[in-house]
Amino acid sequence: MTSQGETPQWDETRRSADHARGSVALIFDKSVPGHRGARVPKLDVESPPLAELVPEALCRQEPPHLPEVTEPEVVRHYIRLSLLNHHVDRDLYPLGSCTMKYNPKIHEDLARLPGLGGIHPDAPEESVQGILELLWCFSRDLAALLGLDAVSLHPSAGAQGETLGMKLFRAYHDRQGNQKQTILIPDSAHGTNPASVARCGFRPRQIPSQRDGRIDLAALCEVVDADTAGIMVTNPSTLGLFEKDLGAIAERIHAVDGLVYMDGANLNALMGITRPGDMAVDVVHVNLHKTFTSPHGGGGPGSGAVAVDKKLEPFLPVPLIVKEGERFRLASDRPLSVGRLHPYYGNTGVILRAYAYMLSQGAEGLAAVTRAAIVNANYLMKKVHPIFPVANPETCMHEFVSSLAWTRNHGVKNIDVAKRLLDYGFHAPTVSFPLIVPDAFMVEPTETETRATLDRFAEALSKIASEIREDPERVTSAPHSTYVGRLGEAEAARTLKVRWTVPEQRHA
Amino acid sequence: MSYIGHTREEEARMLGEIGARSFEDLLEQVPAAQRMTAPLDLGPPLTETELRRYFASLAARTYDPNAVVSFLGAGIYDHAIPACVDHLALRSEFYTAYTPYQAEVSQGTLAVSFEFQTMICELTGLEVANASMYDGASAAAEALLLARGATRASKVLLAPGVSPRTRAVITTHLSGQMEIAQVPEIEGRVDVAALRAALCGDEDIAAVLVQQPNFYGLLEPMDAIGAAVSAMGEKPPHLVVSADPVSLGVLAPPAQWGAQTVVGDVQPLGTPAQFGGPTAGYFATRRTHIRRLPGRLVAEAYDAAGRRGFTLTLQTREQHIRREKATSNICTNSALIALRATVYLAMHGAEGLRQVAAACMRGSHYALSRLERIAGVERIYPGAFFREFAVRLPIDAEQLVGRVRDVAGILAGVPLSRFDPTRPRDLLVAVTETRSRTEIDALVEAVRRSISA
Amino acid sequence: MEFPERLRYTKEHEWVRVEGDEVVFGITDFAQDQLGDIVYIELPEPGASLQRMDAFGSVEAVKTVTDLYAPVSCEVVAVNEALTDDPARVNNSPYGDGWMVRAKLGDAAQLDELLSAEAYQKLVAELGG
């Protein structure tokens, strides 16, 4: 660092005091022969020795190389690793389309209630009425929130929700006797959409966006034909824009007996304002780990609950929870069902956090969440637009997409800006997506951020913009304050060392 | 509770700076026809106290797992969970982080994934493992799709002992893409001679899926199965093994039998039952298939100064780049559950895992030997088993489970009639290392009384 | 950025060198620059018969992957095995050590449809390269 004066207070100086730089240690590095954490109970029963219970041919000859460490070493190792993570409880995480909002602490307590978190899925139905009620009630309320008729809580993530959606499309068309193969997808869509379509045996067909990033209705109408099985739409789109023409689009699709799937990744922008059902959507998935605050866990587990119009209800996966009088029952006798998607009933542990959130907010709370998310996004967009121009500087919904194209003139790419933001203590926004915006930089602040945080973020961007003009090398060589510097991804992909190996001297 | 970052007064000032007169101005994009006219039909907001009360009332209408002794298994197992597993999983740094897209501020998550990948490789004997899948069943479906891509064949054979749930999930995922056939059964296991015959008669078989230990807890003759599959010429079908990770503490790694892909569910390694989810699947395969691997993969990487770190790699396989050509559509997986499994394995080491597996075997063999002494209770399948076994009762199994619960507060097992209505008197009983001799004896006594009641 | 005169080019950013009745081809300097650090290259088996515009392999960079298309109809004689261990050769020397395929030319008339260095350079300029 050369000039202290130019360095923001929360920059390198502070963070480098937090921890020096170094190589990241692995638990295997801590292993000492004979060290052990857990002690296993000695079962006091008469039983033949193990050698008589397992056929010799099936026995393991060599023990696996697992670490040998004491409990204090285990705890220290993982605590130290944890300190190398950015996380929502630390600061802003403005990843567009990922909706990284605060995860209420009470949810963790509720999920750990023994009678909810510790129960076996094969216990008799009469022993699990409470959890069946919870799942049933949440399904009912989620259907109401979405303006649709029935819900499956089985998908484990958004992508699995999409898989289910496409399976439902297939089942519907088979039932109708339709030989349809094509699913239309806007070019702004997330990559999961075409991947899900392809793996369910449909053909994805890309449709172009208009200049403003919305679906081009005229272009769409030209390609809709008898082979159109349906459309997958993200609303609001990945540009944070509301698809104004979705009603007309749905009408056109329905006219050829096609179906409309809505990717509900961005539901945080819609609660209390409109519902997928109001837009004639037939199937929608909701990422409960986004809008409904279930923690993301560093990459899951999530839940991609799916809601459908009544014409698709017969095809939902089994088992479905039904209420008979005051009792809840798991119903598997559904002849038109697409079958089983989850080995049990979905990611109940994720779902119950989402339900706790829905209950704690109520109707007015959820509407207020959406309202605040939209206000925050528009406020931040207003601040960021002069620094990094926004592709569509009209009002946005819950997120917006800047283009960092101008920084290329200074030899700086969007990924460099993302890395430099890490030095300012923020996580970077989503970069290089959506594909239709050059050098995209996609920002979603969510409702849980204060104005002060948004101002701080905009100020950091402004400082980085100055650095790009005055000292671009400072940006292209970022991050400077993290435990490791920028990692060589190309070399990593060429070498592909994807596991720890026993060091040579340990063989001796 | 509200988790919103500003008050209405602050909002008014922010709207002013945006240049909007009111919030409604920001909604100009939303057509009036699609606006909601009535408020959402949900209840009033609850306080924390009210939430706690309501959830406690729901929990009170399920059984209390701390008070009820469980012999339930069939895919979800009640193993001891070291306290530090939950304490570490509750670190905000882990559970409130997103997918590690920015490697330099995600080294915690990435290093744990790298450790997890290594541990899975060690347990399975394979060269490459990913950072996790949703669950063991969907991992099995993905393994079969990998085999299809690698062999260009279109049929799969499922061993008779593959869990009916896994089978159902596979059927859903593969419908319209692969043809599924069944390997004939002999005494609850794979009929190896019949398997050989099935393989010889058909060149369009992409994979054979075997679950070890199988759904009935039985140990499959993996040596003979492996030999039968690998005898199929230069490019044999993939042997795919769905292996319980605890059993791998004592059983040979499936790679030894020529398995191309090994999958399974890590719930037994430190994750509570949670009514069946979330769990995490694991997925390990040969190095030659690395570019067909679904899901996220972490690799070692170095910075300019030579410091070691970790990063997501081979993202070109994934949907956000390959789109419709991606190996799979999975993105969010089950990282936090994989972390639990990693901590669990670190806490146990190879010897601890072996002891857990051995205790399960001892306990389950003891339980079976005592249950067999009850008149009318008989073991269904002969031969070696792990942690779980099936018995035939003189009375209806659901009825017995209800009685045992009522008289002794014990969940005796999973009636197989839930999966096959032609088996009304068959019960699947699981015994983990957490069950004491006293508890097993109590189960036996309660079964005896319930049968004669 | 280099555009050697003696080579011919395709709109898919491949170059072709004619050597008697054989052709050698790879990707252009512009293509490698656009892709960034190349980490893996998938090439066909020798003996493979390719029609013009057949996808015969792929080039993988850190965050992108692109298919390779046969510039002319041909039968593969050899592939550059060295790229397996050192794909960066394509970045460092796209027209030299980074060659990909040597093949027996099928229809010589197809060579006339390829672009000259000048025409290709113009195409690249239009793309902002």
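Just so we're clear, the structure is a prediction, and the values are computed from it rather than from any experiment.

**Focus: the sheet that holds strand S5 (residues 49-50) of chain C**
Residue and element names in this part refer to chain C. Spatially, the 6 strands line up as an open sheet ordered S1-S2-S3-S9-S8-S5, and their pairing is antiparallel. This sheet does not close on itself; its edge strands, each paired only once, are strand S1 (8-9) and S5. Pairing geometry for S1 and strand S2 (residues 14-19), over 2 bridges, is antiparallel. What sits directly across from arginine 8, in S2, is valine 16.

**Points about the domain arrangement of chain B**
Residues and elements named next belong to chain B. For chain B, the domain assignment lists domain 1 (69-80 + 350-452) and domain 2 (84-344). Placing the centre of domain 1 and that of domain 2 at their C-alpha centroids yields a distance of 28 Å. With both chains or domains summed, domain 1 and domain 2 bury close to 2100 Å², and 68% of this area falls on carbon and sulfur atoms. Looking only at domain 1, the three residues that lose the most surface to domain 2 are Leu353, Tyr381 and Phe386, adding up to 28% of its buried area. Joining domain 1 to domain 2, the criterion identifies 1 salt bridge. With a shortest N-O distance of 2.7 Å, aspartate 244 and arginine 387 are connected by a salt bridge. Of all the secondary-structure elements, those providing two or more residues to the side of domain 1 that touches domain 2 are helix H11 (335-371) and strand S14 (388-392). Among the elements that make up the side of domain 1 that touches domain 2, the one with the highest residue count is H11 (5 residues). Of the residues belonging to the side of domain 1 that touches domain 2, the class tally is 18 nonpolar, 3 polar and 4 charged.

**Some details on the packing of helix H6 (residues 129-146) of chain A against helix H11 (residues 348-384) of chain A**
Residues and elements named next belong to chain A. H11 packs onto H6 with a crossing angle of 45° between their chain directions and a minimal axis gap of 10 Å. It follows from the interaxial angle that H6 and H11 lie oblique. As H6 packs across H11, the resulting crossing turns out to be left-handed. Residues Ile131, Leu134, Leu135, Cys137, Phe138, Asp141, Leu142 and Leu145 of H6 touch H11, and the partners they reach there are Thr348, Ile351, Leu352, Ala354, Tyr355, Met358 and Leu366. Residues that form the contact of H6 with H11 fall into these classes: 13 nonpolar, 1 polar and 1 charged.

Here is what the cut-offs are and how they apply
Residues numbered from 1 in each chain as written. Chains lettered and ligands numbered in written order. Predicted model: local features only at pLDDT ≥ 70, side-chain atom pairs only at ≥ 80, totals over all residues. Heavy atoms only, no water. Pairing = 2+ DSSP bridges. Helix = DSSP H or I, 4+ residues; strand = E, 2+ residues; numbered from the N terminus. Domains from an automatic or database assignment. Buried area = accessible area lost by both parts, 1.4 Å probe. Salt bridge = Lys/Arg side-chain N within 4 Å of Asp/Glu carboxyl O. Nonpolar A, V, L, I, M, F, W, Y, C, P; charged D, E, K, R; others polar. Axes fitted to C-alpha atoms, helices over the stretch in contact; angles between N-to-C directions. Parallel < 35°, antiparallel > 145°, perpendicular 65-115°, else oblique. Left-handed = near helix turned anticlockwise from the far one by under 90°. Contact = heavy atoms within 4.5 Å.

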